[in-house]
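# Topology and contacts: notes
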Amino acid sequence: MTRKKKTRSLADKVTIRTGRRKDYKKWRHDNPDQVAPSRRFVAKKQHQRKLQAVRKLARQQSGQQIAIHPDKGSQSDTPKGDDS
């Protein structure tokens, strides 16, 4: 016996479909309030964003410190227009 494959697709949960993708797209466009991401998807994305933030912070802290304008104070003596 064959069993139907489990799916998390929202398309299979809609009962008014006629079996055509075009019909589902039209229904989804007409009913934006009924179409929402699943709790599982939202939780997954929140978890991914948290991990991404942690990795970014770790990269920033482990990176090499550089002086962006190390001699900015000594440059203020000479005016910008004078090259000589």
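None of these values were measured; they are calculated from a predicted model.

What counts, and where the lines are drawn
Residues numbered from 1 in each chain as written. Predicted model: local features only at pLDDT ≥ 70, side-chain atom pairs only at ≥ 80, totals over all residues. Heavy atoms only, no water. Helix = DSSP H or I, 4+ residues; strand = E, 2+ residues; numbered from the N terminus. Areas by Shrake-Rupley, 256 points an atom, 1.4 Å probe, with all protein chains shown as cover. pLDDT = per-residue confidence, 0-100.

Across its full length, the protein carries three helices and zero strands. Ordered by position from N to C terminus, the α and β elements of the protein give α-α-α. Carbon and sulfur atoms form 50% of the exposed surface of the protein, whose accessible area is close to 8,900 Å².

The next point concerns the confidence of the model for the protein. When pLDDT is averaged along the protein, the result is 79, and 65% of the positions lie at 70 or above. Mean pLDDT values over the elements of the protein span from 64, in helix α3 (residues 72-75), up to 95, in helix α2 (residues 39-62).

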